[in-house]
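The lines below spell out each chain.
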Amino acid sequence: VSSRGEKIVVVGGNAAGLTAASRARRLDPRLEITVLERAPHAAYSTCGIPYFLAGDVDQESLVRMTPADFQRERQIEVLTSVRVDEVAPSRRRILATRTDTGEAFEARFDRLLLATGVVPNVPEIPGTDLPGVHTLVGLTDALRLAPELEGAAQAGIVGAGYVGLEMAEALIRLGKKVTLFEGRDRVLPGLDADMARIVEYELRRNGVRVHTHQKVTALAGDGDRVRSIHTGRSLGSTPVDVVLLDTGVRPNVELARSAGVRTGEGGGIVVDPWMETNLPGIFAAGNCTEAFSRLHARAVPGYLGTVAAKQGRVAGENLAGRRTQYAGSVGTIILKAFDLAIGKTGLSSDEAQSERIPFTSARIEALDRAAYFPGAGKIWLKVLAATDNHRLLGLQGVGYGDVARRLDVAATALTSGMTLEELANLDLTYTPPFGSLWDPLHRAAQAALRNLSSPG
Ligand SMILES: Cc1cc2nc3c(=O)[nH]c(=O)nc-3n(C[C@H](O)[C@H](O)[C@H](O)COP(=O)(O)OP(=O)(O)OC[C@H]3O[C@@H](n4cnc5c(N)ncnc54)[C@H](O)[C@@H]3O)c2cc1C
């Protein structure tokens, strides 16, 4: 099929949308490609925002390419401050508004990509609309938050997810008094409790006041702005000058739904393996979708930039007329909180239980390189594997050394369906400055195998 003159419109100008646009352009120089972004900025590193707010990097460094760069280098038209209000699938048109001038804007498409990301979940408690209360999903939020941090001495963070933890570090480094509230029994509820405890220790060691098992019931103000956080427990109230809500996100699908695009149980846009929706020629990618997870063997929402970029790439190929399938994710994530690297690939114990997979687990403590070598850092690895066929189910890693490498090897092993026996004998690198003869990952797999051979 010749794509000469075909017009591609992308809604959302960040990780998924711009990866897709760039990939489509590379495959087909004849396509006409327009990306519409409602914010005044596009193509920035959302993942760098905590470091921008901490003062480590400036706003310009977060922006990878400007709209002018996209036009010049890739012949992609990126229009910022354009909000798409309606998709008319049968007329192959989008209707939009220029948010700076209020002017209406209409564009025709042959193929459309929805890459609209997420919206924050705001808890239904009093006071979330007070000045000084923030959510953080993009640069617009960060630019709203930054000036308020200057005058704030006491910050409250509601929710101990990865953004909450990265922000706790940023705020401590800015000299704020930081109190972190989490309704569940642990920080980072996606980790097992024993691994999360190590993280909690690191937060406290660095001055974060951590309150787990504490449901925030209200935010209160003095009319002017937020002044305190209230919890259901005896803790009473905590004085604050600014509050960050890290209480989850959900796919941003209003535009899609009103156009007749189907959404699923997880709330995301349902796509086929080619990232196409139920409406022919309308694709979706990134955090607004629910897409295939290799571990769950079904579609689940995945709120990471890594997932968004890969889905965007697949969508871009298919927008350009190819037939490329999305391979699925294994849920790999890493973050930094103070001196600790924290990450996971695959399933945690809670997740394996809710998938009803019988499993064994083993946790080891090790150094990330030869014990006698200067700079060796302690790390903890916890491996999970299926009891019946010994297939690896997940790895959690926390530590003061190189955790990322172990997680990446485990992610690769998970993707290829390796067993503990295979993992325990993998031919990995070794020299004293970088590792151990038996890598901590080997040792974790060996420990889990011992559990299997001597149950109970
Ligand atoms: C503080 C922070 C740190 C993070 N750190 C990491 C990390 O270290 N590693 C990692 O993998 N992930 C990280 N993430 C997650 C990652 O940033 C997201 O998963 C990723 O940005 C999702 O990409 P996306 O393109 O799907 O959505 P987004 O990046 O959210 O982009 C969607 C875009 O669509 C636009 N849009 C929505 N509706 C419309 C409309 N109607 N018209 C026009 N435009 C519209 C939005 O304005 C937005 O710019 C982090 C997120 C945050 C908030």
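As the structure is a computational prediction, the values presented were derived from the model and not from experiment. (Residues numbered from 1 in each chain as written. Predicted model: local features only at pLDDT ≥ 70, side-chain atom pairs only at ≥ 80, totals over all residues. Heavy atoms only, no water.)

1. Points about the overall build of the protein chain
Convention followed: Helix numbers and strand numbers start at the N terminus; a helix is a DSSP run of H or I with at least 4 residues, a strand a run of E with at least 2. Radius of gyration means the value over C-alpha atoms here, while the globule rule gives 2.2 Å times the residue count to the 0.38 power. Contact definition: two residues touch when any of their heavy atoms are within 4.5 Å.
Regarding its fold elements, the protein chain presents 13 helices and 26 strands. Computed over C-alpha atoms, the radius of gyration of the protein chain comes to 23 Å, within 12% of the 23 Å expected from 2.2 N^0.38 for 456 residues, which places it in the range of a compact globule. Structurally, the protein chain occupies a C-alpha span of about 65 × 60 × 40 Å along its principal axes. Within the protein chain, contacts between residues separated by at least 24 positions form 61% of all contacts whose residues are at least 6 apart in sequence.

2. Concerning the sheet that holds strand E5 (residues 93-98)
Strand-to-strand pairing in sheets goes through backbone hydrogen bonds, with the strands running parallel or antiparallel. Rules: Paired strands are those between which DSSP finds at least two bridges. Note on definitions: angles span 0 to 180 degrees between N-to-C directions of axes, and those axes are lines fitted to C-alpha atoms, for helices only across the stretch in contact.
Ordered in space as E4-E5-E6, the three strands form an open sheet in which the pairing is antiparallel. A single partner strand is all that each edge strand has here, and the edge strands are strand E4 (82-88) and strand E6 (104-108). Adjacent strand axes in the sheet meet at a mean angle of 25°, parallel and antiparallel pairs treated alike. Two strands pair when backbone bridges link them, and E4 and E5 are joined in this way by six bridges, in the antiparallel orientation. Among the inter-strand pairings, Ala88 is bridged to a residue of E5, identified as Arg93.

3. Side note on the pattern of salt bridges
Under the convention used in this document: A pair is scored as a salt bridge if a Lys or Arg side-chain nitrogen falls within 4 Å of a carboxyl oxygen belonging to Asp or Glu. The rule is simple: take the accessible area with a 1.4 Å probe, protein chains only, and divide by the maximum for that residue type; under 20% is buried, over 50% is exposed, in between is partly exposed.
All told, the structure shown has 33 salt bridges when counted by the stated rule. The salt bridge involving Asp368 is made with Arg369; its shortest N-O contact spans 2.9 Å. Since its relative accessible area comes to 1%, Asp368 is described here as buried. Among the residues examined, Arg369 registers a relative accessible area of 21% and is labelled partly exposed. Linked through salt bridges whose partners overlap, the residues forming this network are Asp56, Glu169, Arg173 and Lys336.

4. What to know about the site of the ligand
Inclusion rule: Nearness is judged by heavy atoms alone; a residue qualifies as near a molecule or strand once a single heavy atom is within 4 Å of it. Polar contact is defined as a pair of N or O atoms within 3.5 Å, subject to the rule that within protein one atom must be able to donate a hydrogen and the other to accept it, and that residues adjacent in sequence are counted only when both atoms are side-chain atoms. Using a 1.4 Å probe, accessible areas were evaluated by the Shrake-Rupley method; residue-level cover was limited to the displayed protein chains.
In the region of the ligand, 30 residues are neighbours, and Asn14, Ala16, Glu37, Asn287 and Leu304 sit closest. At 2.9 Å from an oxygen atom of the ligand is found a side-chain nitrogen or oxygen belonging to Asn14. Ala115 is positioned with one of its backbone polar atoms (N or O) 3.4 Å from an oxygen atom of the ligand. Against a free-state accessible area of 1,000 Å², the protein chains account for coverage of 89% of the ligand.

5. Some words on a nonpolar patch on the surface
Under the convention used in this document: Patch membership requires more than 30% relative accessible area and the absence of a salt bridge. Residues of like charge join within 9 Å; the nonpolar side chains Val, Leu, Ile, Met, Phe, Trp and Tyr join within 5 Å.
A surface patch of nonpolar side chains, about 520 Å² in accessible area, is lined by Tyr372, Tyr430, Leu437 and Trp438. Relative to the helices and strands, Leu437 resides in the loop between helix H12 (420-424) and helix H13 (440-453). Using a relative accessible area of 63% as the deciding quantity, one classes Leu437 as exposed.

6. Overview of the packing of aromatic side chains
Put simply, the rule reads: Within 6.5 Å between ring centres, the rings of Phe, Tyr and Trp (the latter by its six-membered ring) count as paired, and their orientation is classed by plane angle as stacked under 30 degrees, edge-to-face over 60, tilted in between. Definition used: whenever NZ (Lys) or CZ (Arg) falls within 6 Å of the ring centre and also within 35 degrees of the ring normal, the charge is taken to sit over that ring.
Enumeration according to the criterion identifies one aromatic pair in this entry. With a centroid separation of 6.3 Å and 70° between ring planes, the pair formed by Trp380 and Tyr400 is classed as edge-to-face. Of this pair, Trp380 sits in strand E25 (residues 378-386) while Tyr400 sits in the loop between strand E26 (392-399) and helix H11 (404-415), placing them 20 residues apart in sequence. Lying across the ring of Trp274, Arg323 places its NZ or CZ 4.2 Å from the centre.

7. As for the sheet that holds strand E15 (residues 237-239)
The strand order E13-E14-E15 describes an open sheet built from three strands, whose pairing is antiparallel. For this open sheet the edge positions go to strand E13 (216-221) and E15, each flanked by a neighbour on one side alone. Direction aside, neighbouring strands of the sheet carry axes that sit 25° apart on average. Two elements, strand E14 (residues 226-231) and E15, share three bridges in a ladder whose sense is antiparallel. Bridge pairing links His230 to Ser237 in E15.

8. A look at the environment of Arg250
Summarising the element assignment, Arg250 is placed in strand E17 (residues 249-251). Residues in contact with Arg250, not counting those within four places in the same chain, are Val118, Val119, Pro120, Asn121 and Tyr303. There is a polar contact of 3.4 Å between the side chain of Arg250 and the backbone oxygen of Pro120.

9. Observations regarding the pairing of strand E7 (residues 111-114)
In E7, alternate side chains face the same way, and those of Arg111 and Leu113 on one face and Leu112 and Leu114 on the other are all buried. Both strand E1 (residues 7-11) and E7 contribute to a ladder of four bridges, which runs parallel. Looking at the pairing, Val10 lines up with Leu113 of E7. Bridging between E7 and strand E19 (residues 282-284) involves three bridges; their strand directions are parallel. Each bridged residue has a counterpart across the sheet, and for Leu114 the counterpart in E19 is Ala284.

10. Things to note about unusual backbone geometry
A positive phi angle, near 55°, is found at Ser81, a position not held by glycine. Along the chain, Ser81 turns up in the loop between strand E3 (77-79) and E4. Its relative accessible area of 11% is what places Ser81 among the buried residues.

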